[in-house]
Amino acid sequence: ALPAQRPELVSNIPQITEDEAQLIRRLQLDSKELQIMIKEEGKTPDLIVDGVVTEMKAPFEGLRMESSFARANEQVREHAERHGLGSGAAALMLTGLRRVPARRAQKALDAFVAEASETDSVRLQRVTIFAGLDKKVFERRPDGAFGLARPARGNASARRARALFTTSKTNSLPFMSTVT
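Quick summary incoming for the structure in this document.

By the element assignment, glutamate 55 lies in strand β3 (residues 52–60). Here glutamate 55 falls in the buried class, since its relative accessible area comes to 4%. At 3.5 Å, the side chain of glutamate 55 forms a polar contact with the side chain of glutamine 75.

Structure (structure tokens):
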């Protein structure tokens, strides 16, 4: 497990790319416990975040959001079927943006659910999207659609992200210098 107080530890894991490390560091800011899953035969989600299997998609550049959601859902679904588990989550890092485009993400989630519901079961219950220092969480509602979750009181996550990713060159977000 990677403790939230020690985000630098992720850099010590050889199989993790720098893009994945950046996403893991962001997830650590709001997590009590984060574990990296050992790859196994077949599709395997990347992490367990606070007890929920989570598939990472990073960096997210040039790929349609619907495709990322579908790929993450497939990873979670196949792993769940092999191990008799339930639902999971996805975490995406958008590059080159300061803020998460919430309306675009909502439309992409709606399209993903409509397409997946026809052919497959939707196993994702939560989708967390990061862009710059911004974070949006979409949760599955009882009607099967995703909706934007209410943010927690205050914006401690953004403050911690700003402190973590802007104080050290090695921890800076890869797209921060290119955003205007």
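It is possible for side chains of opposite charge to pair when their charged atoms get near one another. According to the stated counting rule, one finds seven salt bridges in the structure shown. One salt bridge in this structure joins aspartate 134 and arginine 99, with 3.8 Å as the shortest N-O distance. With aspartate 134 in strand β6 (residues 134–140) and arginine 99 in the loop between β4 (88–94) and α3 (102–119), the pair connects residues that are 35 residues apart, well separated along the chain. Judged by its relative accessible area of 8%, aspartate 134 is buried. Judged by relative accessible area, which is 56%, arginine 99 ranks as exposed. Among the ionic pairs, lysine 136 bridges to aspartate 134, the shortest N-O distance being 3.3 Å. Taking relative accessible area as the criterion, lysine 136 reaches 18% and is therefore assigned buried. Sharing partners across several salt bridges, the network here consists of Arg99, Asp134 and Lys136.

It is worth spelling out helix α2 (residues 65–83) at this point. The terminal C-alpha atoms of α2 lie 27 Å apart, and with 19 residues this matches the ideal 27 Å at 1.5 Å per residue to within 8%. Where α2 is concerned, the buried positions are Met65, Ser68, Phe69, Ala72, Asn73, Gln75, Val76, Arg77, His79 and Ala80. Where α2 ends, the next residue or the one after it, glycine 84, has phi of about 65°, a positive value.

Parameters and conventions
- Residues numbered from 1 in each chain as written.
- Predicted model: local features only at pLDDT ≥ 70, side-chain atom pairs only at ≥ 80, totals over all residues.
- Heavy atoms only, no water.
- Helix = DSSP H or I, 4+ residues; strand = E, 2+ residues; numbered from the N terminus.
- Buried < 20%, exposed > 50% of the residue type's maximum accessible area, 1.4 Å probe, protein only.
- Polar contact = N/O pair within 3.5 Å; in protein donor to acceptor, adjacent residues only side chain to side chain.
- Salt bridge = Lys/Arg side-chain N within 4 Å of Asp/Glu carboxyl O.
- Expected span 1.5 Å × (residues − 1).

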